Structures are given as structure tokens and as C-alpha cells.
Amino acid sequence: KQWYQRRVRAWYLCLDKMFGGGMLVSTVVKKLVTDQALFAPCFVACFISLNNLLQGKSMNEIKAQLRSEYLNIIIANWLIWVPCQILNFRLIPLQHRLMFANTMALIWNTYLAWKANAPNSDIQEVGR
């Protein structure tokens with residue numbers, strides 16, 4: 001948990017350093033696009049891969065799950081996190097962004113764990 005919180009806080013500080021700490025719409029859009037183009041895709045791929053590695057799955061099974069689920073998970077990420085991050089970057093001061101993101105992450109991580117552990121016929125076939 002602390003590992004994740006430190007990374008997200010550092011990410012928010014980095015976004016503020018790159019685009020400024022203001023809450024103008026143009027600044028919010030830049031932060032949002034950067035967040036969803038860089039942080040989200042990497043986080044989703046790492047989460048799925050590490051989750052499967054810890055379960056003892058093979059690289060072929062991990063690749064199969066990434067192929068079959070990655071796009072769906074990224075789309076779900078956008079549906080949840082784009083509105084959340086607009087609120088976060090536009091209305092919430094930097095010192096409270098991590099708390100807001102952690103609250104939303106509880107919902108997101110529950111979904112992500114469900115998707116990462118859901119049975120998938122493509123994955124089962126590769127493992128046989």
C-alpha cells in the first residue's frame with residue numbers, strides 16, 4: 001500500500017511540475033491525457049502481469065490474458081478514471097488528491113482484481 005501511495009504522490013507531483021499546479025481547464029486536460037496515456041496503461045499491464053506471476057501462471061498464460069483482457073480493462077479504466085481525474089485535477093488541491101484517488105482506487109482495484117482473476121477460456125486453452 002505504501003509503495004503504491006508513494007508512486008502516485010510522486011506522479012501527481014511530477015504532473016504538477018510538468019504542467020503547473022493550476023486548475024485551469026487546459027492544465028487539467030494536459031494532466032489527464034498524460035495520466036491516461038502513460039500511467040494507466042503501464043499500471044494495468046503491470047498489475048495483470050504481477051498478479052498472474054504471483055499465482056504461478058506461465059508467461060504464455062499472462063500474454064493470453066493481456067491479449068484478451070487488456071483493451072477491455074483500459075476502456076473500463078477510462079470510464080472510471082477520466083471523470084475521477086477531471087474532478088481530482090480541477091477541484092481538489094494537491095495535498096488531498098492522493099486521498100481522493102485512493103478512495104476511487106478501492107472501487108477500481110476491486111474491479112481490476114475481479115478481471116485479473118476471472119476465468120477466461122483463451123487463457124485456459126493456452127495453459128493446457
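Values in this document were obtained by computation on a predicted structure and should not be read as measured data.

1. Remarks on empty space enclosed by the protein
Taken as a whole and judged by the stated rule, the model has 1 cavity of 30 Å³ or more. Lining the largest cavity are 17 residues, and of these Tyr-4, Asp-35, Phe-39, Trp-81 and Gln-85 sit closest to its centre. At 6 residues, helix H2 (residues 25-54) tops the list of elements feeding residues into the lining of the largest cavity. In terms of residue class, the lining of the largest cavity is made up of 12 nonpolar, 4 polar and 1 charged.

2. Some thoughts on the layout of surface pockets
One way to see where empty space is left: roll a probe the size of a water molecule over the atoms. When its volume is computed, the largest pocket comes out at roughly 460 Å³. What lines the largest pocket is a set of 16 residues, and nearest its centre among them are Trp-3, Tyr-4, Phe-43, Phe-47 and Asn-109. Put simply, the parts of the chain that give the lining of the largest pocket at least two residues each are helix H1 (2-19), H2 and helix H4 (94-117). For the lining of the largest pocket, the element with the highest residue contribution is H2, accounting for 7 residues. Residue classes in the lining of the largest pocket are distributed as 10 nonpolar, 4 polar and 2 charged.

3. With respect to the environment of Ile-48
On the secondary structure map, Ile-48 appears in helix H2. When the C-alpha positions of Ile-48 and Ala-113 are compared, they lie 8.5 Å apart, and in sequence the two are 65 residues distant. Residues in contact with Ile-48, not counting those within four places in the same chain, are Gln-65, Leu-66 and Ile-73.

4. Brief notes about a nonpolar patch on the surface
Side chains of Leu-71, Ile-75, Trp-78 and Leu-79 sit close together on the surface and give an oily, nonpolar patch of about 430 Å² of accessible area. For Trp-78, a relative accessible area of 40% translates into the label partly exposed.

5. Brief notes about H2
In this model H2 runs 41 Å from its N-terminal to its C-terminal C-alpha over 30 residues, within 8% of the 44 Å that 1.5 Å per residue would give. At Asp-35, H2 shows its maximal bend, which comes to roughly 35 degrees. Backbone geometry just downstream of H2 places Gly-56 in the positive-phi region, at approximately 80 degrees.

6. Topic: the packing of aromatic side chains
Applying the stated criterion to the full structure yields 6 aromatic pairs. Note on Tyr-12 and Phe-89: the rings are 5.8 Å apart at their centroids and 90 degrees apart in plane angle, and the pair reads as edge-to-face. Separated by 77 residues along the polypeptide, Tyr-12 in helix H1 and Phe-89 in helix H3 (residues 59-91) bring together distant segments of the chain. Judged by its relative accessible area of 4%, Tyr-12 falls in the buried class. Exposure remark for Phe-89: the relative accessible area of 1% places this residue in the buried category. With centroids separated by 6.0 Å and ring planes inclined at 45 degrees, the aromatic side chains of Tyr-111 and Trp-114 adopt a geometry described as tilted. Taken together, the residues span about one helical turn, with Tyr-111 and Trp-114 both in helix H4 at a distance of 3 residues. Taking relative accessible area as the criterion, Trp-114 reaches 54% and is therefore assigned exposed.

What counts, and at which threshold
- Residues numbered from 1 in each chain as written.
- Predicted model: local features only at pLDDT ≥ 70, side-chain atom pairs only at ≥ 80, totals over all residues.
- Heavy atoms only, no water.
- 1 Å grid on protein atoms, 1.4 Å probe; cavity = no way out; pocket = protein on both sides within 12 Å on 5 of 7 lines; lining within 4 Å.
- Points joined across faces, edges and corners; volume = space filled by probe spheres on them.
- Helix = DSSP H or I, 4+ residues; strand = E, 2+ residues; numbered from the N terminus.
- Nonpolar A, V, L, I, M, F, W, Y, C, P; charged D, E, K, R; others polar.
- Contact = heavy atoms within 4.5 Å.
- Patch = residues over 30% accessible without salt bridge, like charges linked within 9 Å, V, L, I, M, F, W, Y side chains within 5 Å.
- Areas by Shrake-Rupley, 256 points an atom, 1.4 Å probe, with all protein chains shown as cover.
- Salt bridge = Lys/Arg side-chain N within 4 Å of Asp/Glu carboxyl O.
- Buried < 20%, exposed > 50% of the residue type's maximum accessible area, 1.4 Å probe, protein only.
- Expected span 1.5 Å × (residues − 1).
- Bend = angle between axes of the 7 residues up to and from the residue.
- Phe/Tyr/Trp six-rings, centres within 6.5 Å; stacked < 30°, edge-to-face > 60°.

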